[in-house]
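Architecture at a glance
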Protein chains: 2
Amino acid sequence: MQYASVSMEKAISELSRLPGIGRKSAQRLVFHLLKTSKPEVQSLAEALIAIKEKIRSCSVCFNITEADPCPICKSEKRDRSIVCVVEEANDLLAIEKTGEYRGLYHVLGGALSPLEGIGPDDLHIRELLTRLNGSTDEVILATNPNTEGEATALYLERLIKPLAMRVTRIARGLPVGSDLEYADAMTLTRALEGRVTI
Amino acid sequence: MQYASVSMEKAISELSRLPGIGRKSAQRLVFHLLKTSKPEVQSLAEALIAIKEKIRSCSVCFNITEADPCPICKSEKRDRSIVCVVEEANDLLAIEKTGEYRGLYHVLGGALSPLEGIGPDDLHIRELLTRLNGSTDEVILATNPNTEGEATALYLERLIKPLAMRVTRIARGLPVGSDLEYADAMTLTRALEGRVTI
């Protein structure tokens, strides 16, 4: 792009660093922003800076929050006897969206992955063990149902069970609205293993 | 997303206004930015503001530029006897990338579209006619090969031909590397009509 201006080139390269945005999309975004009013672009830029300035980790559960401790940890309405362990803050948001869970959370910050060099010390596991005390009745392991998530759940189960509390794992089975015909063998196996009496 | 912070909600809604970015992608981008270092986010935000502050329209050809007139209009190396008319500045960039064209450009700022209420006065057509003078030998109409682009080319042809200069239209035919079998009838028709002696 020989004649593109320096500031355009810069904006395109900055945008194309974002996940899921390639050079072509970045270029389209820049052309869009060129047609957008200046206050609107300013507002977008400020919103991006604000997330870095205002959002931090909750010191208790490592959820992302503007206030520490986060509203969930602070809330009087939540059931403090259950802790749901998730990999990332967006997993927490997904569970919150269901509106079905009233307990607390603990965000690990990832899953164990020897291949990527992520060990127990890279996750908030020590903090989880410190949090669990006499008032905790149940720990729900809600890590992702993939290799890393399962390994992490297994690892945590072995650490938490000796603390004499109930450890559960979210159910793995056929997603609602899906079709047996198109389910993969692993999911189907899990669905059969996890069958419940009706 | 009940417990997401205000600044996160704001960043998500700002990002999801951009073309091709839905709420889900915006959320993913925000989570990515949360993990990115502050200087990097700052640099992205500044790059976005810079494109609004530094980039303007060239007063001659309406290309986007930081200096007015733009480097192409100012260049001594360009052939001033040919003007290539395109709809948008990114069309100009696409042609520049080929490295095959050495003439000048004129960016219309869109195409005629009665359905969207875009008439000749909404495009830089008057400025185009003012630019064309004795030193112009040829005007290449490089509007898009779709309904609006063809209509715009037809409209311009009728206006420019009386000025006694050569008016050409970019060739429409099969794209290089494509397959006759999968070409649509309209493209194939154009390819046959536009056949050249070898």
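Residues numbered from 1 in each chain as written. Chains lettered and ligands numbered in written order. Predicted model: local features only at pLDDT ≥ 70, side-chain atom pairs only at ≥ 80, totals over all residues. Heavy atoms only, no water.

**Comments concerning the packing of aromatic side chains**
For any pair of aromatic rings, geometry is given as the distance between the ring centres together with the angle between the planes. Residue and element names in this part refer to chain A. Defined as follows: Working definition: rings of Phe, Tyr and Trp (its six-membered ring) pair if their centres are within 6.5 Å, and the pair is stacked with planes under 30 degrees apart, edge-to-face with planes over 60 apart, and tilted otherwise. A 1.4 Å probe rolled over the protein chains alone gives each residue an accessible area, and that area as a share of the maximum for its type sets the label: buried under 20%, exposed over 50%, partly exposed in between.
Counting across every chain of the model gives two aromatic pairs over all chains. Both rings, one in Tyr101 and one in Tyr105, keep their centres 5.1 Å apart while their planes meet at 65°; by these two values the pair is edge-to-face. The class for Tyr101 is buried, based on a relative accessible area of 12%.

**Structural notes on the pairing of strand S4 (residues 103-107) of chain A**
Residues and elements named next belong to chain A. Keep this limit in mind: Strands are runs of DSSP state E lasting at least two residues, helices are runs of H or I lasting at least four, and both sets are numbered from the N terminus onward. When DSSP finds two or more bridges between a pair of strands, those strands are recorded as paired. Orient the strands so they point away from the viewer; a crossover is then right-handed if the path from the first strand over the helix to the second runs clockwise.
Extensive coverage of S4 is indicated by the burial of five of its five residues. Examined bridge by bridge, strand S3 (residues 79-86) and S4 share five bridges and lie parallel to one another. Across the sheet, the residue bridging to Val83 is Leu104, located in S4. Regarding topology, helix H5 (residues 89-98) serves as the crossover connection from S3 to the parallel S4, and that connection is right-handed.

**Considerations on the sheet that holds strand S6 (residues 166-169) of chain A**
All names here are of chain A. Selection rule: Each axis is a line fitted through C-alpha atoms, and for a helix only the stretch in contact is used; angles between axes span 0 to 180 degrees, taken between their N-to-C directions. The contact criterion used is simple: two residues touch if any of their non-hydrogen atoms lie within 4.5 Å.
Taken in spatial order, the four strands line up as S4-S3-S5-S6 in an open sheet, and their pairing is parallel. On the outer flanks of this sheet lie S4 and S6, each paired with one strand and no other. Sheet twist, expressed as the average angle between the axes of neighbouring strands with direction ignored, equals 25°. Docked against the sheet, H5 engages S3 and S4, running at close to 160° with respect to S4.

**Description of the interface of chain A and chain B**
Rule in force here: The buried area of a pairing is the accessible area, by a 1.4 Å probe, that goes missing from both parts when the two are put together, added over both. Salt-bridge detection follows one rule: a side-chain nitrogen of Lys or Arg within 4 Å of a carboxyl oxygen of Asp or Glu. Here a polar contact is taken to be a pair of N or O atoms separated by no more than 3.5 Å, where protein atoms must pair a possible hydrogen donor with a possible acceptor and residues adjacent in sequence count only if both atoms sit in side chains. The residue classification treats Ala, Val, Leu, Ile, Met, Phe, Trp, Tyr, Cys and Pro as nonpolar and Asp, Glu, Lys and Arg as charged. All others, Gly included, are polar.
Counting residues at the interface gives 55 residues for chain A and 55 residues for chain B. Here chain A and chain B share an interface that buries about 5,200 Å² over both sides, 69% of which is from carbon and sulfur atoms. Our enumeration of links across chain A and chain B arrives at six salt bridges. Notably, a salt bridge pairs B:Lys38 with A:Glu53, separated by 3.7 Å at the nearest N-O pair. Here chain A and chain B share 18 residue pairs in polar contact (both at pLDDT 80 or more) between them. When residues in the side of chain A that touches chain B are grouped by element, the largest group, 15 residues, is from helix H3 (residues 38-54) of chain A. Tallied by class, residues from the side of chain A that touches chain B come to 29 nonpolar, eleven polar and 15 charged.

**Here's the deal with the pattern of salt bridges**
All names here are of chain A. In total, this model carries 28 salt bridges over all chains according to the counting rule given. Residue Lys161 is joined to Glu157 by a salt bridge in which the shortest nitrogen-to-oxygen separation is 3.2 Å. Given the relative accessible area of 27%, Glu157 is considered partly exposed. One continuous salt-bridge network, built from bridges that share partners, spans Glu150, Arg169, Arg172, Arg190 and Glu193.

**Examining the relation of the copies chain A and chain B**
To be explicit about the condition: For this overlay, a least-squares fit was computed on C-alpha atoms, restricted to residues scoring pLDDT of at least 70 in both copies.
Overlaying chain A with chain B gives an RMSD of 0.1 Å, the required rotation being 180° about an axis along which the chain moves by 0.0 Å. Between the two chains, the operation in question is that of a two-fold axis. Ranked by how close their C-alpha atoms come to the rotation axis, the residues of chain A are headed by A:Ala45, at 2.2 Å. A shared binding surface is used by both copies, with 100% of the interface residues of chain A retained as interface residues in chain B.

**Notes on the layout of surface pockets**
How we decide: Points on a 1 Å grid, built from protein atoms alone, make a cavity when a 1.4 Å probe fits but cannot get out and make a pocket when they are open with protein on both sides within 12 Å along at least 5 of 7 lines; residues with an atom within 4 Å of a point are the lining residues. Grid points are joined across faces, edges and corners, and a volume is the space filled by probe spheres set on the points.
The calculated volume of the largest pocket comes to roughly 620 Å³. Lining the largest pocket we find 29 residues, and of these A:Phe31, A:Lys35, B:Glu88, B:Ala89 and B:Asn90 sit closest to its centre. For the lining of the largest pocket, the secondary-structure elements that each account for two or more residues are helix H2 (23-35) of chain A together with helix H3 (38-54), strand S1 (56-57) and helix H5 (89-98) of chain B. The element that contributes the greatest number of residues to the lining of the largest pocket is H2(A), accounting for five residues. Residue composition of the lining of the largest pocket, grouped by class: twelve nonpolar, eight polar and nine charged. Estimates place the volume of the second largest pocket at around 420 Å³. Considering the residues around the second largest pocket, the lining is formed by 18 residues, among which A:Ile64, A:Glu88, B:Phe31, B:Leu34 and B:Lys35 are closest to the centre. For the lining of the second largest pocket, the secondary structure elements donating two or more residues are strand S1 (56-57) and H5 of chain A together with helix H2 (23-35) of chain B.

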